[in-house]
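# An overview of the molecular structure
Here is how the chains run, residue by residue.
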Amino acid sequence: LAQSLLALFASSLAISLVFAIIPLCHNVVVLAVVMAVAGLAMGCIDTISNMQLVKIYQKDSAIFLQALHFFVGFGALLSPLIADPFLSDTNCILSNSTANASSNLPHIRKSLLPHHPGNLSHYDLPMKGMVVTRVSYAFWIMALINLPVPIAVFFLLYKERMVPCFNGSSHPLLSADELALETRPGDKDELSTAAQRPHAAAGHEDLFSCCQSKNFQGASFTYFAVHITGTLVLFMTDGIVGEYSGFVYSYAVEEPLAVVHKVAGYLPSLFWGFITLGRLISIPVSYRMKPATMVFINVVGVLVTFLLLLIFSSSVVFLFVGTASLGLFLSSTFPSMLAYTEDILQYKGCATTVLVTGAGIGEMVLQLLVGSIIHDRGSYSFLVCGMIFGCLAFTFYALLVFFHRMYPQPSPGKRAPAPSPALGWEREQHEP
């Protein structure tokens, strides 16, 4: 836990520093390096936060994962609203030709669509002159907004006596096992007994212990199959999130829909807004519904939505309705899949690392793939690709359920794997 919190502290602090530095980058190579550092930091935060919630809260982790990903969606929805007042409707550099260039901006935006990659040569944009953009303020505001996060993580390190120089008189916060058992009063006797065990008795696991080869010795075929199929489901669903939010604007402004640019700009915001709403709804729902059921509803909903979008491809109204529906169904897929897979594999945390990595790769690869297909085949292929990815996600989910049924379950009296050392106790697994 100490290693994870230190990594979260360093990564969240790096993000604030990166956002503060971005406006000062006047060289594209320097900017690329800075953005790469930001990507590494965000990847660390994504992986570690999901893994630790699973290891600490185990069977209660579904609710906490839904809450975590609600705030991911909320941040994605909020940050463009913060940046919007600082974006310029005209060119950011003043010169004698600025007025002429500004009048051409709508035509330039249309020419930037994938079907017209080479039509910009006859637009003369000023590259030298007085810079008038205020977009730097948006980056600095985001850096300040993020700064309380590393401060909070450091405070948690301090309260848990994990900072070498400040481990004297501070008292630990309410332990994670007590938080997890707040909703289960019947287990409090078990907690009171377990709380008397020494904190160090559970040993000290390494952050990357799940990657050691000794953990795979004697593992069955279904053990690896569950990891692979679960990863492929998230590869497809997170890839759909990336490609839909990235290309729905381009699809809308092209024929046959030909939506006005300003109206089409609302589509990505609508998509992320309903992802955020869906994750908020999923927090109480996940308390009542099994993660496997939620994932099933999600993948079927995505498949049906893309089918209807293909059928009503000439309707602007249904494009907005379908975008909202797709956001709702995709919203809880990621946290529900993490909870479901870890439930199969007894909450060791390793599956979370594999699934988060696979989801990130899918979000990157499918955007590149869909972009090149739209360029060659036209805007309608955008929906066709989504339909294919939805079918594949459903297929991989069916395989995951099949391998789940084949996976050997622990005997009723068998002890569940020991949780994170932060708990300081071992939970007995009670089965009917």
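Residues numbered from 1 in each chain as written. Predicted model: local features only at pLDDT ≥ 70, side-chain atom pairs only at ≥ 80, totals over all residues. Heavy atoms only, no water.

As recorded in an unreviewed UniProt entry, the protein chain goes by the name MFD4A protein, listed as coming from Brachypodius melanocephalos. As recorded by UniProt, the Sequence similarities (unreviewed entry) comment attached to the protein chain reads in full: "Belongs to the major facilitator superfamily." (UniProt positions renumbered as here; feature names shortened; annotations may be inferred.)

## Brief notes about the overall build of the protein chain
Helices and strands together make up the secondary structure of the protein chain, namely 17 helices and two strands. Taking all 432 residues of the protein chain together, the buried fraction comes to 43%. A fraction of 76% describes how many contacts in the protein chain between residues 6 or more apart in sequence connect residues 24 or more apart. With the model as given, the accessible surface of the protein chain reaches about 22400 Å², and the carbon-plus-sulfur share is 69%. (Helix = DSSP H or I, 4+ residues; strand = E, 2+ residues; numbered from the N terminus. Buried < 20%, exposed > 50% of the residue type's maximum accessible area, 1.4 Å probe, protein only. Contact = heavy atoms within 4.5 Å. Areas by Shrake-Rupley, 256 points an atom, 1.4 Å probe, with all protein chains shown as cover.)

## With respect to helix α14 (residues 316-331)
In this model, α14 (16 residues) spans 23 Å end to end at C-alpha, consistent with the 22 Å of a helix rising 1.5 Å per residue. Among the structural elements, α10 (221-253), α12 (266-288), α13 (291-311) and α15 (333-344) are those in contact with the buried residues of α14. Where α14 starts, the residue carrying a side-chain oxygen 3.1 Å from the main-chain nitrogen of F318 turns out to be S315. (Expected span 1.5 Å × (residues − 1). Polar contact = N/O pair within 3.5 Å; in protein donor to acceptor, adjacent residues only side chain to side chain.)

## Regarding helix α16 (residues 350-377)
For α16, built from 28 residues, the straight-helix expectation of 40 Å at 1.5 Å per residue is met to within 8% by its first-to-last C-alpha distance of 40 Å. Within α16, burial applies to C350, A351, T352, L355, V356, G358, A359, G362, L366, V370, G371 and I374. Packed against the buried residues of α16 are α2 (28-57), α10, α15 and α17 (381-406). At the exit of α16 stands G378, carrying a positive phi of roughly 100°.

## Things to note about the environment of F334
For F334, the position within the fold is in helix α15. Residue classification places F334 among the buried residues on the basis of a relative accessible area of 5%.

## As for the nonpolar core
With 63 residues, the main nonpolar core has Y244, F306, L319, M337, F382 and Y397 as its most contacted residues. It is α10 that contributes the most residues to this core, 15 residues altogether. Each of domain 1 (1-90 + 133-164) and domain 2 (220-409) contributes no fewer than three residues to this core. Contact partners of Y397, with chain neighbours within four places excluded, come to V233, A292, V295, F296, V299, M337 and Y340. If you look at the next biggest cluster of nonpolar residues, it comprises six residues, including L5, L8, I48 and L157. (Core = buried A, V, L, I, M, F, W, Y, C linked by side-chain atoms within 4.5 Å. Domains from an automatic or database assignment.)

## Quick look at the UniProt feature "transmembrane region" (unreviewed entry) in the protein chain
Residues annotated in UniProt with the feature "transmembrane region" (unreviewed entry) correspond here to residues 30-49, 61-82, 137-158, 221-241, 263-281, 293-312, 352-374 and 380-403. Secondary structure across residues 221-241 comprises 100% helix and 0% strand; the distance between its end C-alpha atoms is 30 Å. Span residues 263-281 is 95% helix and 0% strand, its end C-alpha atoms 27 Å apart.

## Details of the packing of aromatic side chains
Evaluated as defined, the whole model comprises 18 aromatic pairs. Summarising the aromatic geometry, the rings of F19 and F139 are spaced 6.1 Å apart at their centres and angled 45° between planes, so their arrangement reads as tilted. Placement of F19 in helix α1 (residues 2-21) and of F139 in helix α6 (residues 135-146) is noted, with a sequence separation of 120 residues between them. Summarising the aromatic geometry, the rings of F221 and F403 are spaced 5.7 Å apart at their centres and angled 80° between planes, so their arrangement reads as edge-to-face. With a gap of 182 residues between them, F221 in helix α10 and F403 in helix α17 connect regions that are remote in the sequence. Note on F221: relative accessible area 59%, which makes it exposed. (Phe/Tyr/Trp six-rings, centres within 6.5 Å; stacked < 30°, edge-to-face > 60°.)

## Let's talk about the packing of α10 against α16
Contact geometry for α10 and α16: axes closest at 6 Å, N-to-C directions at 40°. Considering the angle they form, α10 stands oblique to α16. Classified by chirality, the crossing of α16 by α10 is right-handed. Taken together, the residues of the contact of α10 with α16 break down into 15 nonpolar, nine polar and three charged. (Axes fitted to C-alpha atoms, helices over the stretch in contact; angles between N-to-C directions. Parallel < 35°, antiparallel > 145°, perpendicular 65-115°, else oblique. Left-handed = near helix turned anticlockwise from the far one by under 90°. Nonpolar A, V, L, I, M, F, W, Y, C, P; charged D, E, K, R; others polar.)

## Focus: the confidence of the model for the protein chain
Detailed reading of the predicted model is not advised wherever pLDDT is low. Overall, the predicted model of the protein chain reaches an average pLDDT of 77, with 70% of residues at or above 70. When mean pLDDT is taken per element in the protein chain, α13 scores highest with 94 and helix α9 (residues 188-194) scores lowest with 42. Confidence drops under pLDDT 50 across residues 182-204; counting only partners more than four residues distant or on other chains, this segment forms 24 contacts. (pLDDT = per-residue confidence, 0-100.)

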